[in-house]
Amino acid sequence: LQLNHSGHYHCQGLVNSGVPAAWQESVPVTVTVHGVPLSGVSLWVQPIRRQVTLGDHLVLRCVVATGTGPLSFTWLWTGSGRELLGTGPHLELQHVG
């Protein structure tokens, strides 16, 4: 279901029982599709111990539990300033150090 599916819906039926057939129409219903606010954002780190040695491989994953619409991810590092590292759902650093 998408947000653009909001609207008015009805159905029609036809019974052909030998008498002149006629379409019968239901009472319309209004359907409103609501967006789900973003929630449950969590960060997964691999290796799990969260401490790495010089030359190690580090993978960070951003996971969103619920939310409607296209998601965007931004990875920032605040070591010596504020540096943009990436924009995908995961960030992979090779040979940390």
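Residues numbered from 1 in each chain as written. Predicted model: local features only at pLDDT ≥ 70, side-chain atom pairs only at ≥ 80, totals over all residues. Heavy atoms only, no water.

Visitor: Got a sec to walk through the overall build of the chain? Specific residues and values, please.
Guide: In terms of helices and strands, the chain carries 0 helices and 9 strands. Reading the chain from its N end, one meets helices and strands in the order β-β-β-β-β-β-β-β-β. Over its C-alpha trace the chain gives a radius of gyration of 26 Å, far above what one expects of a compact globule, namely 13 Å for 97 residues. If you line up the chain on its principal axes, its C-alpha atoms span 85 × 25 × 20 Å. (Helix = DSSP H or I, 4+ residues; strand = E, 2+ residues; numbered from the N terminus. Rg over C-alpha atoms; globule rule 2.2 N^0.38 Å.)

Visitor: Let's hear about the environment of Leu84: which residues, and what values?
Guide: Locating Leu84 in the fold gives a position in strand E8 (residues 83-86). Sequence separation between Leu84 and Asn16 is 68 residues; the distance between their C-alpha atoms is 67 Å. Ignoring any residue separated from it by four or fewer positions in sequence, one finds Leu84 in contact with Thr74, Trp75 and Leu76. (Contact = heavy atoms within 4.5 Å.)

Visitor: Residues and numbers for the sheet that holds strand E5 (residues 39-46), please.
Guide: Taken in spatial order, the 3 strands make up an open sheet running E5-E6-E9, and their pairing is antiparallel. Strands with a single pairing partner mark the edges of an open sheet, and in this sheet they are E5 and strand E9 (90-93). On average, each strand axis in the sheet is tilted by 10° relative to the strand beside it, whichever way the strands run. Bridge count for E5 against strand E6 (residues 58-66) is 7 bridges, and the pairing is antiparallel. Looking at E6, one finds that Gln46 is bridged to Val59. (Pairing = 2+ DSSP bridges. Axes fitted to C-alpha atoms, helices over the stretch in contact; angles between N-to-C directions.)

Visitor: Explain unusual backbone geometry residue by residue, including any values.
Guide: Following Gln46, the chain continues into Pro47 via a peptide bond in cis, with omega recorded as 15°. Within the secondary structure layout, Pro47 lies in the loop between E5 and E6.

Visitor: Describe a nonpolar patch on the surface, with residues and values.
Guide: A cluster of nonpolar side chains, namely Tyr9, Val29 and Val31, defines an oily patch on the protein surface of about 240 Å² accessible area. Mapped onto the elements of the fold, Val29 is located in strand E4 (residues 29-31). Overall, the relative accessible area of 46% leaves Val29 in the partly exposed class. (Patch = residues over 30% accessible without salt bridge, like charges linked within 9 Å, V, L, I, M, F, W, Y side chains within 5 Å. Areas by Shrake-Rupley, 256 points an atom, 1.4 Å probe, with all protein chains shown as cover. Salt bridge = Lys/Arg side-chain N within 4 Å of Asp/Glu carboxyl O. Buried < 20%, exposed > 50% of the residue type's maximum accessible area, 1.4 Å probe, protein only.)

So yeah, pure geometry; function would need other evidence.
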